[in-house]
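Residue strings, one per chain:
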Amino acid sequence: MAIEIKQQKNNNTPIIVILILIIIIGVGYFIFKDFFRLQDFIRVPKPEEVLPSKEATQLSKATLDINKISNDSLFQVLTSHIQWPLPPVQLGKTNIFKP
């Protein structure tokens, strides 16, 4: 009686498929990164284009004097139309077993 010993075949197919997928994803990422730059499609406007007037640039550099504003007659005329501080709001049910 002879005993036959068969060599096992190395099945490297899943490893090869995974390596090919990694290579395809890597190449695709670099192609997307280099050829489809989003910065080229989205133009960010300069502040001068958004606020072109001279007054707007002066307003952006303005400093506010809080004492002068709070002592102004127009500011003193302003009135509050809400109750402050706001009353606390009860959240949820007091007894979770009652409907």
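Just so we're clear, the structure is a prediction, and the values are computed from it rather than from any experiment. (Residues numbered from 1 in each chain as written. Predicted model: local features only at pLDDT ≥ 70, side-chain atom pairs only at ≥ 80, totals over all residues. Heavy atoms only, no water.)

1. Observations regarding the overall build of the protein chain
Put simply, the rule reads: Only runs of H or I of at least four residues qualify as helices and only runs of E of at least two qualify as strands under DSSP, and these elements are numbered from the N terminus. Here the globule rule is a power law, 2.2 Å times the number of residues to the power 0.38, and the radius of gyration is based on C-alpha atoms. Each residue gets one of three labels from its accessible area relative to the maximum for its type: buried under 20%, exposed over 50%, partly exposed in between, using a 1.4 Å probe on protein chains only. Exposure was quantified through the Shrake-Rupley algorithm and a 1.4 Å probe, taking into account, for residues, occlusion by the shown protein chains and nothing else.
For the protein chain, the helix and strand inventory stands at six helices and zero strands. The N-to-C order of helical and strand elements in the protein chain reads α-α-α-α-α-α. Radius of gyration (C-alpha) of the protein chain: 36 Å, far over the 13 Å computed for a compact globule of 99 residues. Reported as C-alpha extents along the three principal axes, the dimensions of the protein chain are approximately 115 × 60 × 20 Å. Across the 99 residues in the protein chain, those meeting the buried criterion constitute 1%. When the accessible surface of the protein chain is totalled, it reaches about 11,000 Å², and 65% of it is carbon and sulfur.

2. Points about a nonpolar patch on the surface
For the record, the criterion: Patch membership needs two things, relative accessible area over 30% and no salt bridge, and members are linked within 9 Å if like-charged or within 5 Å if nonpolar (Val, Leu, Ile, Met, Phe, Trp, Tyr). A carboxyl oxygen of Asp or Glu within 4 Å of a side-chain nitrogen of Lys or Arg is what we treat as a salt bridge.
On the surface, Ile23, Val27, Ile31, Phe32, Phe35 and Phe36 cluster together to form a nonpolar patch covering roughly 640 Å² of accessible area. Within the secondary structure layout, Phe32 lies in helix α1 (residues 13–35).

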